[in-house]
Amino acid sequence: MPDGMNSGLQGVMNEITSTAPTVPPPGSGLIPGANAAAPPPQPPDYEALGKKQASADFAAASGNAGWEFDPAAIDDVITTLEDSLDGDHQVAKEKAKILMQIVPPGAEVGSQGYADVANKSGVAYNSFLTGAINYIQAYVDTLKQIRTAYQNNDQNAKDQLRAAGKVD
């Protein structure tokens, strides 16, 4: 007796709307009929993000009425961020290297599986940390460029005022 799912109109609809079974390549580890997952998206460009954020932060700060460039204040921010890169972030980088080199404590499946997952976790942490360091370094570099541009503008303005006061 027909089950109503594979015959008649319903059977035709099921055949039309179902995906064709796929045969995975040998050794791929895919189950027959399964589709491979889409590749992961590209990671963000942390360097570009750091540059854009420093520029946006500076634009927001300098947009206020009565704002005045303070080289000492920007130097303090730069020093703090550089200290972080040379201190805490450097220590974290060293620890991340260790987390990517875990050796299984034994030769059994459980120990090897643990080490494999732990090393993958270390790689993910290192990737995150590298992105954070690139972001902060780009932020610092942009602040230095802004500081230099302001100092050059100040010097140019002083030179123009001096030149205007001279009699030829």
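Report on the accompanying structure.

What counts, and where the lines are drawn
- Residues numbered from 1 in each chain as written.
- Predicted model: local features only at pLDDT ≥ 70, side-chain atom pairs only at ≥ 80, totals over all residues.
- Heavy atoms only, no water.
- Salt bridge = Lys/Arg side-chain N within 4 Å of Asp/Glu carboxyl O.
- Helix = DSSP H or I, 4+ residues; strand = E, 2+ residues; numbered from the N terminus.
- Buried < 20%, exposed > 50% of the residue type's maximum accessible area, 1.4 Å probe, protein only.
- Phe/Tyr/Trp six-rings, centres within 6.5 Å; stacked < 30°, edge-to-face > 60°.
- Patch = residues over 30% accessible without salt bridge, like charges linked within 9 Å, V, L, I, M, F, W, Y side chains within 5 Å.
- Areas by Shrake-Rupley, 256 points an atom, 1.4 Å probe, with all protein chains shown as cover.

1. Side note on the pattern of salt bridges
So, point 1. Applying the stated rule across the entire model yields 4 salt bridges.
So, point 2. Where lysine 51 meets glutamate 47, a salt bridge forms, and the shortest distance between an N and an O atom there is 3.6 Å. With lysine 51 and glutamate 47 both in helix H2 (residues 46–62) and 4 residues apart, this pair spans about one turn of that helix.
So, point 3. Assessed through its relative accessible area of 41%, glutamate 47 is described here as partly exposed.
So, point 4. The salt bridge involving glutamate 82 is made with lysine 144; its shortest N-O contact spans 2.6 Å. Taken as a pair, glutamate 82 in helix H3 (residues 71–86) and lysine 144 in helix H5 (residues 109–165) lie far apart in primary sequence, 62 residues in all.
So, point 5. Classification of lysine 144 as partly exposed rests on a relative accessible area of 27%.

2. Side note on the environment of glutamine 151
So, point 1. Topologically, glutamine 151 is positioned in helix H5.
So, point 2. Look at glutamine 151 and you get partly exposed, because its relative accessible area is 37%.
So, point 3. For the pair glutamine 151 and proline 71, spaced 80 residues apart in sequence, the C-alpha separation works out to 8.3 Å.

3. Focus: the packing of aromatic side chains
Any two aromatic rings considered together are summarised by their centre-to-centre distance and by the angle between their planes.
So, point 1. Here the structure, examined in full by the defined rule, presents 4 aromatic pairs.
So, point 2. On the numbers, 6.4 Å between centres and 35° between planes, the contact of tyrosine 125 with phenylalanine 128 is tilted. A residue pair is termed a helical-turn pair when its members lie 3 or 4 positions apart in one helix, as tyrosine 125 and phenylalanine 128 do in helix H5 at 3 residues.
So, point 3. These aromatic residues form a ring-pair network of at least three members: Phe58, Phe69 and Tyr150.

4. Quick look at a nonpolar patch on the surface
So, point 1. On the surface, a nonpolar cluster with roughly 290 Å² of combined accessible area is contributed by Leu99, Tyr125 and Phe128.
So, point 2. The partly exposed category is assigned to tyrosine 125, whose relative accessible area is 32%.

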